[in-house]
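Chain by chain, the residues run as shown.
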Amino acid sequence: MSEPLLKDRNAVIYGGGGAIGGAVARVFAREGARVFLAGRTRARLDAVARDIAAAGGTAETAEVDVLDQQAVEEHAGAVAAAGGIDIALNAVSVMHDQGTLLADLSLEEFMRPIDGFLRTSFIIGKAVARHMGRTRPGVILTLSEPGAKLAVGGILGHGVSAAGKEAFSRLLAAELAPGNVRVIDIRPHAVVDAPAAGSYTKDLFAPSAAAAGQSVQEFLEDGGMVQGTLLKRLPTLSEIAETAAFLASDRAGAMTGAVVNLSVGALVD
C-alpha cells in the first residue's frame, strides 16, 4: 500500500465548512494531513471535523472571520506554533451577482466579489506565508473560476474578481518561490453536486435556473453551462478535492504560478 500523499502535513483550510472546503478537508485528512478548519460558522466546521474523526483522521476547528486580518494572523500563528503550516487552501465564498448587465449593475454589486475575494487572498497569503517554506516546502492553493477568461455579458464583478485571484496567485508565486513555497490556482466550473452539499451556489444560480424553467440541480446537470464545456458535464466535489490533494503533495512539486483547469473544458476566449 502506497504512503498517503500528505502524511504528517499540517493543512489550514479557510472556508472549511463549505462544500468545496469540506470536501478537500476530508480528502486531505484521508491522505494523512492534520487539518485545521477555519471559518465563520462553527456548526458547519464541526460537522466536517466529525466526518474526519469518524474516518480516523485529525481535525481542529476555529471560528475565524477571514476578512479580519488580525484574527487570521493570530489563528495562523497558533497553528504554526502547534507544528507549522505546510498547506493552506482559500475556499472562502463571497455571494455575488451573475446575470446583471452594466446598465443595471450597481457599483456595490460590481465591487462586492472583487473586494471580498481579493481581500481574503491577500489576508490569507500574508498570514500563512511567513510560517511556510525554507527547509519544509509550503503550498498555497486558491479557488478561481472560468469567469477569469470568459468573454460573456453579465459577469463583470465575478469575472474581474476571478481574473484578479489568478493574477494575485501568479505574482505571489514569483515572490514566494525563493522561500520554497508554491502557489497554485484551481479553476473549477460550477460544481454539479455543490448545492446538495450546502453551497451558496444554490442561491447564486436560482434566478438563472428559474428563468430557464428548471430547478438548480437540473440547471447544473443540463443547463447552458454544461453545453459550454467539452465534456458536456460539470465537475464534482470529489474531482476538485482529489486534485487539490495531488497539487498539495510532493508529486506536484515542480508546479507553481499555475492555474489548474478543472472546468471540464469550459470554452473560454
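Residues numbered from 1 in each chain as written. Predicted model: local features only at pLDDT ≥ 70, side-chain atom pairs only at ≥ 80, totals over all residues. Heavy atoms only, no water.

A. Broad picture of unusual backbone geometry. One non-glycine residue, Arg134, lies in positive phi territory at about 60 degrees. Located in the positive-phi region is Asn180, a residue other than glycine, with phi close to 70 degrees. By secondary structure assignment, the location of Asn180 is in the loop between helix H5 (156-176) and strand E6 (181-188). On the accessibility criterion, Asn180 (33% relative accessible area) is partly exposed. (Helix = DSSP H or I, 4+ residues; strand = E, 2+ residues; numbered from the N terminus. Buried < 20%, exposed > 50% of the residue type's maximum accessible area, 1.4 Å probe, protein only.)

B. Local environment of the side chain of Glu166. As for its position among the elements, Glu166 is in helix H5. Exposure remark for Glu166: the relative accessible area of 6% places this residue in the buried category. Within the structure, the side chain of Glu166 is placed 2.8 Å from the side chain of Arg187, a separation counted as a polar contact. Those residues within four positions of Glu166 in sequence are excluded, and the remaining contacts are Ser144, Glu145, Ala148, Asp185, Arg187 and Val259. (Polar contact = N/O pair within 3.5 Å; in protein donor to acceptor, adjacent residues only side chain to side chain. Contact = heavy atoms within 4.5 Å.)

C. Broad picture of the sheet that holds strand E1 (residues 10-14). Strand order in the open sheet formed by seven strands is E3-E2-E1-E4-E5-E6-E7, with parallel pairing between adjacent strands. The sheet terminates laterally at strand E3 (58-63) and strand E7 (258-262), the two strands that pair on one side only. Neighbouring strand axes in the sheet, compared pairwise and without regard to direction, differ in orientation by 20 degrees on average. Two elements, E6 and E7, share five bridges in a ladder whose sense is parallel. Opposite Pro188, over in E7, you have Leu262 as the bridge partner. (Pairing = 2+ DSSP bridges. Axes fitted to C-alpha atoms, helices over the stretch in contact; angles between N-to-C directions.)

D. Structural context of the pairing of E3. As paired strands, strand E2 (residues 34-39) and E3 are joined by six bridges and run parallel to one another. Paired with Ala38 across the bridge in E3 is Ala62.

E. A look at the packing of helix H1 (residues 19-30) against helix H10 (residues 237-248). Where H1 meets H10, the closest approach of the two axes is 8 Å, and the angle between their N-to-C directions is 50 degrees. By the angle class used here, H1 and H10 are oblique. Like other packed secondary-structure pairs, H1 and H10 cross with a definite hand, here right-handed. For the pair H1 and H10, contact is made by Ala19, Ile20, Ala23, Val24, Val27, Phe28 and Arg30 and by Leu237, Ile240, Ala241, Glu242, Ala244, Ala245 and Ala248, respectively. Of the residues assigned to the contact of H1 with H10, the class counts are 12 nonpolar, no polar and two charged. (Parallel < 35°, antiparallel > 145°, perpendicular 65-115°, else oblique. Left-handed = near helix turned anticlockwise from the far one by under 90°. Nonpolar A, V, L, I, M, F, W, Y, C, P; charged D, E, K, R; others polar.)

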